[in-house]
Amino acid sequence: MPTKTITQGMVLNAFIDKMLAATGQENTNPEEQRAVREGLRLQLESEMEKAMIKALPDAKLIELNKMLERENVSDDEIEKFFETSGVDFQKVIEGVMQKFAEDYRNNNAGNAGGQV
């Protein structure tokens, strides 16, 4: 039986769908909902990336900058760098997602106001 791989994008989309449902915004027209979802996903990804970089110790940040200055650095190398940096990025990302959902709820308080 084939297995389905859950991607980061799938997780973020599910999270955003839950945010929209909690504020009563999941019933907008499909085109508008797609645009809102995409905008929120890009904002969330940006916040996650900033938090990951901010969580790095100074020595690791210098190492990352040197790595990124190379023209041929691969996505796999960058991913491995973060995986082996010694930082608990799962905790960092969870915090970003909680704050993102809270900020979204606060900015959309006039809607359903549910929990994410």
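**Q** What should I look at first to understand the side chain of N108 in this one?
**A** Within the secondary structure layout, N108 lies in the segment after α5 (89-107). Within the structure, the side chain of N108 is placed 2.8 Å from the backbone oxygen of Y104, a separation counted as a polar contact. Sequence-distant contacts of N108, defined by excluding residues within four places in its chain, comprise T23 and Q25.

**Q** Would you explain a nonpolar patch on the surface in this entry?
**A** A surface patch of nonpolar side chains, about 270 Å² in accessible area, is lined by I6, M10 and V11. Here I6 shows up in the segment before α1 (8-22).

**Q** Would you explain the layout of surface pockets in this entry?
**A** Gaps between atoms show up when a probe of the same size as a water molecule is rolled over them. Space inside the largest pocket adds up to approximately 570 Å³. Lining of the largest pocket is provided by 17 residues; of these, Q8, M48, M52, F89 and I93 occupy positions nearest its centre. Of all elements in the fold, only α1, α2 (30-55), α4 (75-83) and α5 reach the threshold of two or more residues within the lining of the largest pocket. For the lining of the largest pocket, the per-class residue count stands at 10 nonpolar, two polar and five charged.

**Q** Sorry if this is basic, but what is going on with the nonpolar core here?
**A** Most often, soluble globular proteins keep nonpolar side chains buried together rather than apart. Residues F15, M19, L40, L44, L56 and F82 are the most contacted members of the largest nonpolar core, which totals 24 residues. Among the elements that take part in this core, α5 stands out by supplying seven residues, more than any other.

**Q** Which parts of the structure should I look at to understand the pattern of salt bridges?
**A** Side chains carrying opposite charge are able to pair once their charged atoms draw close together. Inspection of the entire model under this criterion finds seven salt bridges. A salt bridge links D103 to K99; the shortest N-O distance between them is 2.7 Å. Of this pair, D103 and K99 both sit in helix α5, four residues apart, roughly one helical turn. Residue D103 is classed as partly exposed on the basis of its relative accessible area, which comes to 29%. Connected through salt bridges with shared partners, the residues E38, R41 and E45 form a single ionic network.

**Q** How should the packing of α2 against α5 be read in this particular structure?
**A** Working note: a packed helix pair is described by the angle between its axes plus the distance between those axes. At their nearest, the axes of α2 and α5 sit 9 Å apart, and the two run at 140 degrees to each other. As summarised for this structure, α2 and α5 are arranged oblique, according to the angle between their axes. Crossing of α2 over α5 shows right-handed handedness. Two secondary-structure elements touch here, α2 through L40, Q43, L44, E47, M48, A51, M52 and A55 and α5 through F89, V92, I93, V96, M97, F100 and Y104. Residues that form the contact of α2 with α5 fall into these classes: 13 nonpolar, one polar and one charged.

The rules behind the values
- Residues numbered from 1 in each chain as written.
- Predicted model: local features only at pLDDT ≥ 70, side-chain atom pairs only at ≥ 80, totals over all residues.
- Heavy atoms only, no water.
- Helix = DSSP H or I, 4+ residues; strand = E, 2+ residues; numbered from the N terminus.
- Polar contact = N/O pair within 3.5 Å; in protein donor to acceptor, adjacent residues only side chain to side chain.
- Contact = heavy atoms within 4.5 Å.
- Patch = residues over 30% accessible without salt bridge, like charges linked within 9 Å, V, L, I, M, F, W, Y side chains within 5 Å.
- Areas by Shrake-Rupley, 256 points an atom, 1.4 Å probe, with all protein chains shown as cover.
- Salt bridge = Lys/Arg side-chain N within 4 Å of Asp/Glu carboxyl O.
- 1 Å grid on protein atoms, 1.4 Å probe; cavity = no way out; pocket = protein on both sides within 12 Å on 5 of 7 lines; lining within 4 Å.
- Points joined across faces, edges and corners; volume = space filled by probe spheres on them.
- Nonpolar A, V, L, I, M, F, W, Y, C, P; charged D, E, K, R; others polar.
- Core = buried A, V, L, I, M, F, W, Y, C linked by side-chain atoms within 4.5 Å.
- Buried < 20%, exposed > 50% of the residue type's maximum accessible area, 1.4 Å probe, protein only.
- Axes fitted to C-alpha atoms, helices over the stretch in contact; angles between N-to-C directions.
- Parallel < 35°, antiparallel > 145°, perpendicular 65-115°, else oblique.
- Left-handed = near helix turned anticlockwise from the far one by under 90°.

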